[in-house]
Structures are given as C-alpha cells and as structure tokens.
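# Descriptive analysis of the structure
Spelled out, the chains give:
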Amino acid sequence: MALHAQAPIISEPVQAKPIHPDGLYRWQHFEFLIPFSRETWRQRILQGRAPRPASQSPNCTAYRGADILAWLANPDGYNAASQKKN
C-alpha cells in the first residue's frame with residue numbers, strides 16, 4: 001500500500017475590512033483588532049467589559065458594529081451596562 005501525501009489545508013484569513021456602526025460582524029471579521037484570545041473576549045463579555053453579541057440563532061452569533069467601535073475607542077473603560085440598548 002503506497003502512502004500518498006495529502007495537500008495541506010490552507011485556511012484563507014478573512015480580509016480586514018472597516019467596521020461600520022450599522023453592520024453585524026462575526027468574531028472572525030474583527031478578531032484581528034482584539035489584542036487577546038476569543039476565550040478572553042468571552043470572559044470579558046460575561047464580566048460586562050466587552051459588547052454582548054446580538055445572537056442571530058443558536059449557531060450564529062454576531063456583534064453590532066457600533067458596540068465594537070465603542071469598545072475599540074475605550075477598551076479599558078468599556079462597560080456593557082452603560083451602552084445604549086437598541
């Protein structure tokens with residue numbers, strides 16, 4: 001039996017695009033802007049220190065662009081409870 005080399009799987013990164021306040025974004029669309037891991041981001045959400053997602057369905061979570069931009073403007077002082085609810 002001959003062993004065949006498999007082609008490597010190449011994951012194309014999501015291209016960096018600007019965040020618009022009216023848009024909805026999945027994690028992979030803005031993770032390059034966040035200086036820590038997805039798990040740390042999740043922990044900050046639970047602590048109220050990062051924007052809560054606007055769940056689209058049980059399997060699809062998206063974040064409001066305005067919330068991401070507010071967090072990026074002041075990551076250390078961000079408080080999810082003080083953000084305006086839509």
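Summarised in this report is the structure supplied together with it. Within any chain, residue numbers begin from 1 and follow the written order of that chain's sequence. Since the coordinates come from a predicted model, pLDDT governs what is reported: local features require at least 70, and pairs of side-chain atoms require 80 or more to be given and counted, while whole-chain, interface and lining totals use all residues. Side-chain measures here rest on the full set of heavy atoms in the structure, leaving out hydrogens and waters.

### Quick notes on the packing of aromatic side chains
Each aromatic ring pair is summarised here by two numbers: the centre-to-centre distance and the angle between the ring planes. Between 30 and 60 degrees the pair is tilted, below 30 it is stacked and above 60 it is edge-to-face, where a pair is any two Phe, Tyr or Trp rings, Trp via its six-membered ring, whose centres lie within 6.5 Å. In this structure the tally under the stated criterion is 8 aromatic pairs. Ring plane angle 70 degrees and centroid distance 6.1 Å describe the contact between W41 and Y63, whose orientation is recorded as edge-to-face. Here Y63 lies in strand 3 (residues 60-64) and W41 lies in helix 2 (residues 38-47), a separation of 22 residues in the sequence. Neither W41 nor Y63 differs from the other in exposure class; each is buried. Comment: elements are numbered from the N terminus, with helices defined as DSSP H or I runs of at least four residues and strands as E runs of at least two. Burial classes follow relative accessibility: with a 1.4 Å probe on protein chains only, a residue under 20% of its type's maximum area counts as buried, one over 50% as exposed, and anything between as partly exposed.

### Regarding the pairing of strand 3
Following DSSP output, two strands are said to pair if at least two bridges run between them. Direction of pairing for strand 1 (residues 24-25) relative to strand 3: antiparallel, over a ladder of 2 bridges. Its bridge partner lying in strand 3, L24 is registered against R64. Turn length for the strand 2 (residues 54-57)-strand 3 hairpin, with the two strands adjacent in sequence and antiparallel, is 2 residues.

### With respect to the pattern of salt bridges
Criterion for a salt bridge: a side-chain nitrogen of Lys or Arg within 4 Å of a carboxyl oxygen of Asp or Glu. Taken as a whole, this structure holds 2 salt bridges when the rule is applied. Between E39 and R42 there is a salt bridge whose closest N-O contact spans 2.8 Å. Of the two residues, E39 and R42 are both situated in helix 2; the distance of 3 residues between them amounts to about one turn of the helix. A relative accessible area of 41% places E39 in the partly exposed class. Here R42 falls in the partly exposed class, since its relative accessible area comes to 40%.

### Topic: the sheet that holds strand 2
One open sheet accounts for 3 strands, arranged 1-3-2; its pairing is antiparallel. Since the sheet does not close on itself, it has two edges, and those belong to strand 1 and strand 2, each with one partner. As paired elements, strand 2 and strand 3 share 3 bridges and run antiparallel to each other. Looking at strand 3, one finds that S55 is bridged to T61. Working rule for contacts: check all heavy atoms of both residues, and any pair within 4.5 Å makes them a contact. The axes used here are C-alpha line fits, helices contributing only the stretch in contact, and every angle between their N-to-C directions lies in the interval 0 to 180 degrees. Against the sheet, helix 3 (residues 65-73) contacts strand 1 and strand 3, and its axis sits at roughly 60 degrees relative to strand 3.

### Brief notes about the nonpolar core
What makes a nonpolar core is a set of buried Ala, Val, Leu, Ile, Met, Phe, Trp, Tyr and Cys residues whose side-chain atoms join them at distances within 4.5 Å. In terms of nonpolar packing, the biggest core is built from 13 residues, with F30, I34, W41, Y63, I68 and W71 touching the most fellow members. Sorting the residues of this core by element identifies helix 1 (27-30), helix 2 and helix 3 as the ones contributing at least two each. Dropping the residues within four chain positions of it, I34 is found in contact with W27, W41, W71 and L72.

### What about the environment of Q47?
On the secondary structure map, Q47 appears in helix 2. Taking relative accessible area as the criterion, Q47 reaches 47% and is therefore assigned partly exposed.

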